[in-house]
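Residues per chain are reported as follows:
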Amino acid sequence: MKPKMSRLWCTAAVAMALSALAGTAQAAAIITNGTVTLGVLDQGHLNVPGGPPAAGGGGTTVGLRSNATASDSTAPGCTCEGWGVAIASLGRFGNANSAVGGVQNLSLVSFASTASTATSITNLMSAAGLPLLQIKHEYAPLATTPYLYQVAVSITNLSGVDLAAGDLRYRRVMDWDIPVPGREVNSLQGVPALLGIANGTNLLYASNDGFESGNPLSSNNGRPSPGYPGDNQNFTDNTGDNGALFDFQFEALAAGATRQFATFYGVAPNFATADLARSLVDGDATDVEIGLYSYGRCASGTFTGSQGTFTCDGFTTPHTDGSPSTGGPNVFIFGFGVAGGILTPPEPPGPSVPEPGSLALLGLALAGLTAARRRRA
């Protein structure tokens, strides 16, 4: 990391540490565990403007970013990252995506953050202005690996009536731009042969089209072009401007009941580390918790920006040519906790083990507070 970048992140991290220690809530937040940085907006989607410049000319909006290289993956180009929820029988949806569709039919209940966590609570509103669903997104670093953030999602049925199996829907969609639009290589894995609740899986639809809105009731036709392998397919190392879209439907949900599941965002230095991180969600490396996922990384080339230069060891042709690659210097991760095709609840929250740099920043923040109190005294 270049000295200038280190100073920028140091300043930002100290400010966030001081804010957290003071117990203040923020409207939108840039959060970090020292390895992964996320920009979380009020409604729980990503891409917060006004952060430090990203490497390779990626701009100052923070989406999902690597602290090691300062490369961003969702903010350059189209800030197409978001989510949506719907009750299919009512035809009612709510979504949040700053670039596609904006925020629709959602009412913000609260947003709170610390230096490393963010929690957004919103309600899906009926046409008459009554809450139908409450959706909570809780971003927190994992204690078991520094390369992942867990997003614990809770959806509570406030409609007053029981929802039938398949009625409740949820979408998460994002566009990879690493480090700039059109320079990414994308993989999507874990899509089962049969889809939907009737076939024993929560996954209803999958695509590498990252340019759709968050509305899970919108057309699921993908973008049939040479850059998109097609819908509901597993693939490895597709080049072009792509991302990932996943639609889910759920089991019956009684009035007042809550459905919980886990999504994940992260970045690792190579494929091997990313694969291991997907197995370390629960601390046990012998099983894989994140079985449905998309990897994004940069194609081969050298990228220069205000934060210096870095080189990708990728390649510009599909992996079917047998070209070796470690995936470095970044493999960005977007995935879901699944077991047997069913979305699993989040792991119990636990504090991450601070890296030495994080401990130093926290110590600096504490020293600053102590000095300020002495001056007041």
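Refer to the structure above for everything that follows.
Below is a summary of the structure that appears in this document. Bear in mind the structure is a predicted one, so any value in this text is a computation, not a measurement. (Residues numbered from 1 in each chain as written. Predicted model: local features only at pLDDT ≥ 70, side-chain atom pairs only at ≥ 80, totals over all residues. Heavy atoms only, no water.)

Another point: the overall build of the chain. Of regular secondary structure, the chain possesses three helices and 21 strands. Taken as a whole, the chain presents about 14,200 Å² of accessible surface, with 58% of it coming from carbon and sulfur. (Helix = DSSP H or I, 4+ residues; strand = E, 2+ residues; numbered from the N terminus. Areas by Shrake-Rupley, 256 points an atom, 1.4 Å probe, with all protein chains shown as cover.)

What follows is about the pattern of salt bridges. In total, this model carries five salt bridges according to the counting rule given. With its nearest N and O atoms 2.8 Å apart, the salt bridge here joins E81 to R172. Separated by 91 residues along the polypeptide, E81 in strand β4 (residues 81-87) and R172 in strand β11 (residues 168-175) bring together distant segments of the chain. When its relative accessible area of 0% is taken as the criterion, E81 is described as buried. Two residues, R278 and D275, come together in a salt bridge whose shortest N-O distance is 3.3 Å. With R278 and D275 both in helix α2 (residues 271-279), this residue pair falls three residues apart, about one helical turn. We classify R278 as buried; its relative accessible area is 8%. (Salt bridge = Lys/Arg side-chain N within 4 Å of Asp/Glu carboxyl O. Buried < 20%, exposed > 50% of the residue type's maximum accessible area, 1.4 Å probe, protein only.)

Attention now moves to the environment of A255. Following the sequence through the fold, A255 ends up in the loop between β15 (243-249) and β16 (258-268). In this structure A255 comes out as partly exposed when scored by relative accessible area, which is 39%. Note: C-alpha distance between A255 and L132 (123 residues apart in sequence) is 9.9 Å. Apart from residues lying up to four places away in sequence, A255 is in contact with N157, G160, V161 and D162. (Contact = heavy atoms within 4.5 Å.)

Adjacent strands of a sheet pair through backbone hydrogen bonds, lying either parallel or antiparallel. Reading across from one edge, β6-β5-β4-β11-β15-β13 is the order of the six strands in this open sheet, with antiparallel pairing throughout. In the strand order of this sheet, the two ends are held by β6 (102-104) and β13 (203-207), each with one partner. In this sheet, neighbouring strand axes are inclined to one another by 15° on average, regardless of whether the strands run parallel or antiparallel. Sheet topology places β4 next to β11; seven bridges connect them, and they run antiparallel. Within the sheet, the bridge partner assigned to W83 lies in β11 and is R172. (Pairing = 2+ DSSP bridges. Axes fitted to C-alpha atoms, helices over the stretch in contact; angles between N-to-C directions.)

With that settled, the discussion passes to the sheet that holds strand β2 (residues 36-40). Overall, antiparallel pairing links the three strands, which are arranged β1-β2-β3 in an open sheet. Looking at the sheet topology across the chains shown, the edges are occupied by β1 (29-32) and β3 (64-66). Each adjacent strand pair in this sheet contributes to an overall mean axis angle of 20°, direction not counted. Sheet analysis places β1 next to β2, joined by four bridges and oriented antiparallel. Note on β2: the bridge partner recorded for T32 is T37.

Purely geometric numbers; function is a separate question.
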